[in-house]
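Commentary on secondary and tertiary structure
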2 protein chains.
Amino acid sequence: MGIAFLKGHGTQNDFVLLPDPDGSLELTAERVQALCDRRRGLGADGVLRVMRTAALEPGTAADDSEWFMDYRNADGSIAEMCGNGVRVFARYLLDAGLVNTAEFVVGSRAGGRPVTVHADRSVTVAMGPGAVTGESTASVAGVTYAGLAVDVGNPHLVSVTDTDIAGLDLSRQPDFDQQVFPHGVNLEFVNRIDDGALRMRVHERGVGETRSCGTGTVAAAVADLRLAGESAGKRTVHVPGGMVTVTVDEGETTLTGPAVILAGGELDSAWWDSPA
Amino acid sequence: MGIAFLKGHGTQNDFVLLPDPDGSLELTAERVQALCDRRRGLGADGVLRVMRTAALEPGTAADDSEWFMDYRNADGSIAEMCGNGVRVFARYLLDAGLVNTAEFVVGSRAGGRPVTVHADRSVTVAMGPGAVTGESTASVAGVTYAGLAVDVGNPHLVSVTDTDIAGLDLSRQPDFDQQVFPHGVNLEFVNRIDDGALRMRVHERGVGETRSCGTGTVAAAVADLRLAGESAGKRTVHVPGGMVTVTVDEGETTLTGPAVILAGGELDSAWWDSPA
């Protein structure tokens, strides 16, 4: 045994955490792929390496926060931010005693993210601005849904519809306007289920349907408020993996949701050296 | 943190091991389901509880081996045996010092299984007799494949074919003769790729296509030998998750394959009490 790890999830978006304060692990794409493989590895949507910002290589985008979330997608590629991952990351820092206040900033390639860890271990993350940028449509199985384009750092198209989203077949890529979204788009389909409460399913760009998408829930709240003629407010969003709360204000949004760390231990050194 | 676990796999059939010598864990179906959930748990095809045979409740089928493999399927149900799981189980016992010889017997609900842990940590398991019981057919996408029915404690239908099995669509249940297999059947599709070497894909009863099936590889070897007019011999079997070797003799078969234990640690006690 040898390499420390933890396993956690936020609304069933799941992660392997690798505590590596000094950045001494050689975290190759192959190792990330093996770690995230759901049969031969631990299995996860991504890896969150826990590094001191001071240990980053010069030139890595980062703010002056003490701890940096080095996020990797399951395919080994680097990603800037992950709204569900940063909650799990924040909870780990506080539980492990690596920070000693419940409010702090997590560094990421998208800049510092202010977080608050609550008494029940849910976490609020400042997600930056969310802006409606236009209108477009998405089509599922030949049926077209009107939607609002929303920019939350990444592109979304949110379709609030009266059609029951439980019946949508999201196993295939829905059609969207490639002129509007030349680099692809995350597609959210939303039902209003109650005053201020939404139910959402999401087809993530390059991934497919997932049980949760942090920026997608923010986009859904921004779009639903716009449709109600409001620019600020609060929405609870039910996704297949759980429930989160989003607040929207001029120039800032927050995402509050669960952060679960269910296990921790060590990876076998021989496996780490040559994943079987 | 609190409940000890390990994670391992045999040809990518993967397991959570729970060391519980005295049987003190309350291993409910709900806990097994949560452990095996690939998003909110550790994720696995099944759970292997490591118990002293002496700690079993009276009436549990077991032989007089010291250690008992209490196997649970991912849905929480009890299973008798697992040809890939028992290799991982055996490796754990030896690595953990719970046995002190490389040859020993693992108890299971299907009786004791003699095992040998080799220097490279691969494991040979005596799988009991494998017998051809008749002929039948399976159909995939309208194409019918002749096969041999093989009993390896559980029912199999092995179709050795010249059609490249790489092109078969096993995402749906293939058709089979319900009169011959009233309780369902595991379906193996096999290409001969070399002298004594087979490539196999498997559709497991009640599960769907998997990356490996221990008894299925034994059935494939038994069927291929029969088709060659032999009742004893050896076959290597390549499955999507790796490679195993099967020997067949009168009244006895053995399965040799890899056993990987990649991580170990503790499950959070609060999560164990109430999996989130």
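Worth saying up front: this structure is predicted, and the values here are computed from it rather than measured. (Residues numbered from 1 in each chain as written. Chains lettered and ligands numbered in written order. Predicted model: local features only at pLDDT ≥ 70, side-chain atom pairs only at ≥ 80, totals over all residues. Heavy atoms only, no water.)

1. Examining the domain arrangement of chain A
All names here are of chain A. Rules: Where each domain begins and ends is defined by an automated method or by a domain database. By the convention used here, residues are in contact when the closest approach between their heavy atoms is within 4.5 Å. Note: buried area is the sum, over both parts, of the accessible area (probe 1.4 Å) each one loses when the two are combined. Each reported salt bridge corresponds to a side-chain nitrogen of Lys or Arg within 4 Å of a carboxyl oxygen of Asp or Glu. Think of a polar contact as two N or O atoms within 3.5 Å of one another; within protein, one of them needs to be a possible hydrogen donor and the other a possible acceptor, and neighboring residues in sequence only count if both atoms come from side chains. The classification used treats Ala, Val, Leu, Ile, Met, Phe, Trp, Tyr, Cys and Pro as nonpolar, Asp, Glu, Lys and Arg as charged, and all other residues, Gly among them, as polar.
By domain assignment, chain A separates into domain 1 (3–122 + 259–273) and domain 2 (131–257). Across the boundary between the two partners, domain 1 contributes nine residues, which contact 12 residues of domain 2. Counting the surface lost from both domain 1 and domain 2, the interface buries some 770 Å², and carbon and sulfur atoms represent 49% of this. When the buried surface of domain 1 facing domain 2 is broken down by residue, T11, Q12 and R87 rank first, second and third, together holding 62% of it. Between domain 1 and domain 2 we count zero salt bridges in total. Summed over the shared surface of domain 1 and domain 2, the result is four residue pairs in polar contact (both at pLDDT 80 or more). For the side of domain 1 that touches domain 2, a count of residues per class yields one nonpolar, seven polar and one charged.

2. Some points on helix α1 (residues 29–36) of chain A
Quick note on the threshold: Exposed residues in this analysis have more than 50% of their type's maximum accessible area, buried residues have under 20%, and partly exposed residues fall in between, with area computed by a 1.4 Å probe over protein chains only. Put simply, DSSP marks the helices as runs of H or I at least four residues long and the strands as runs of E at least two long, and each gets a number from the N terminus on.
Residues R31, V32, A34, L35 and C36 of chain A constitute the buried set of α1 of chain A. Packing partners of the buried residues in α1 of chain A comprise β2 (13–19), β3 (46–52), β4 (67–73), β18 (260–267) and α4 (269–273) of chain A.

3. Side note on the pattern of salt bridges
Under the defined criterion, the tally for this structure stands at 34 salt bridges over all chains. Among the salt bridges present, the one from R49 of chain B reaches D20 of chain B, with a minimum N-O distance of 2.8 Å. Note that R49 of chain B is positioned in strand β3 (residues 46–52) and D20 of chain B in the loop between β2 (13–19) and α1 (29–36), a separation of 29 residues in sequence. D20 of chain B gets classed as buried once you look at its relative accessible area, which sits at 3%. With a closest N to O distance of 3.9 Å, D273 of chain B and R31 of chain B form a salt bridge. Here R31 of chain B lies in helix α1 and D273 of chain B lies in helix α4 (residues 269–273), a separation of 242 residues in the sequence. R31 of chain B gets classed as buried once you look at its relative accessible area, which sits at 14%. Overlapping salt bridges bring together K7, D14, R38 and D45 of chain A together with R39 of chain B as one network.

4. Some points on the packing of aromatic side chains
All names here are of chain A. The test is simple: Classification of ring pairs uses Phe, Tyr and Trp, with its six-membered ring standing for Trp, and accepts pairs whose centres are within 6.5 Å; under 30 degrees between planes counts as stacked, over 60 as edge-to-face, and the remaining range as tilted.
Applying the stated rule across the entire model yields six aromatic pairs over all chains. Summarising the aromatic geometry, the rings of Y145 and F189 are spaced 5.8 Å apart at their centres and angled 80 degrees between planes, so their arrangement reads as edge-to-face. You can see Y145 sitting in strand β9 (residues 143–151) and its partner F189 sitting in strand β12 (residues 186–194), a full 44 residues away along the chain. Each member of the pair, Y145 as well as F189, carries the same accessibility label: buried.

5. Description of the relation of the copies chain A and chain B
This is how it is decided: The fit set for superposing copies consists of C-alpha atoms from residues with pLDDT of at least 70 in both; the fit itself is least squares.
The operation relating chain A to chain B is a screw motion whose rotation component is 180 degrees, with 0.0 Å of axial translation and a residual RMSD of 0.1 Å. Interpreted geometrically, this transformation is the action of a two-fold axis. Minimal C-alpha distance to the rotation axis in chain A is attained by G265 of chain A, lying at 1.8 Å. Interface overlap between copies: 96% of the residues of chain A at the interface are likewise at the interface in chain B, consistent with a symmetric, same-surface contact.

6. Regarding helix α2 (residues 85–95) of chain B
One turn of the α-helix equals 3.6 residues, which is why residues spaced by three or four share an orientation. All names here are of chain B. Counting buried positions along α2 yields 10 of 11 residues, so the element is predominantly enclosed. Those residues of α2 not exposed but buried are G85, V86, R87, V88, F89, A90, R91, Y92, L93 and L94. G97, located one to two residues past α2, shows a positive phi value of around 75 degrees.

7. Remarks on the pairing of strand β8 (residues 131–140) of chain A
All names here are of chain A. Test applied: Two strands pair under a simple rule: DSSP has to find at least two bridges between them.
Sheet analysis places β8 next to β9, joined by nine bridges and oriented antiparallel. Bridge pairing in β9 places S136 opposite G147. With antiparallel pairing between neighbouring strands as the criterion, β8 and β9 make up a hairpin whose turn holds two residues, including A141 at a positive phi of roughly 50 degrees. Looking at chain direction, β8 and strand β11 (residues 175–176) are connected through two bridges and run antiparallel. Counterpart to S139 in the pairing with β11 is D175.

8. Side note on the interface of chain A and chain B
Frequently, the measure chosen for interface size is the accessible area that the parts lose on association. Listed by partner, the interface residues are 26 residues for chain A and 25 residues for chain B. Summing the contributions of chain A and of chain B, the shared interface buries around 2,200 Å²; its carbon and sulfur component is 54%. Ranking the residues of chain A by area buried against chain B places R38, R39 and L262 of chain A at the top, with a combined share of 33%. Here chain A and chain B share four salt bridges between them.

9. Here's the deal with the pairing of β2 of chain B
All names here are of chain B. Stated precisely, the cut-off is as follows: Note on handedness: a clockwise path from strand one over the helix to strand two, with the strands aimed away from the viewer, defines a right-handed crossover.
Extensive coverage of β2 is indicated by the burial of six of its seven residues. Here β2 pairs with β3 via five bridges, running parallel. Its bridge partner lying in β3, V16 is registered against V47. Note on the crossover from β2 through α1 to β3: the handedness is right-handed.

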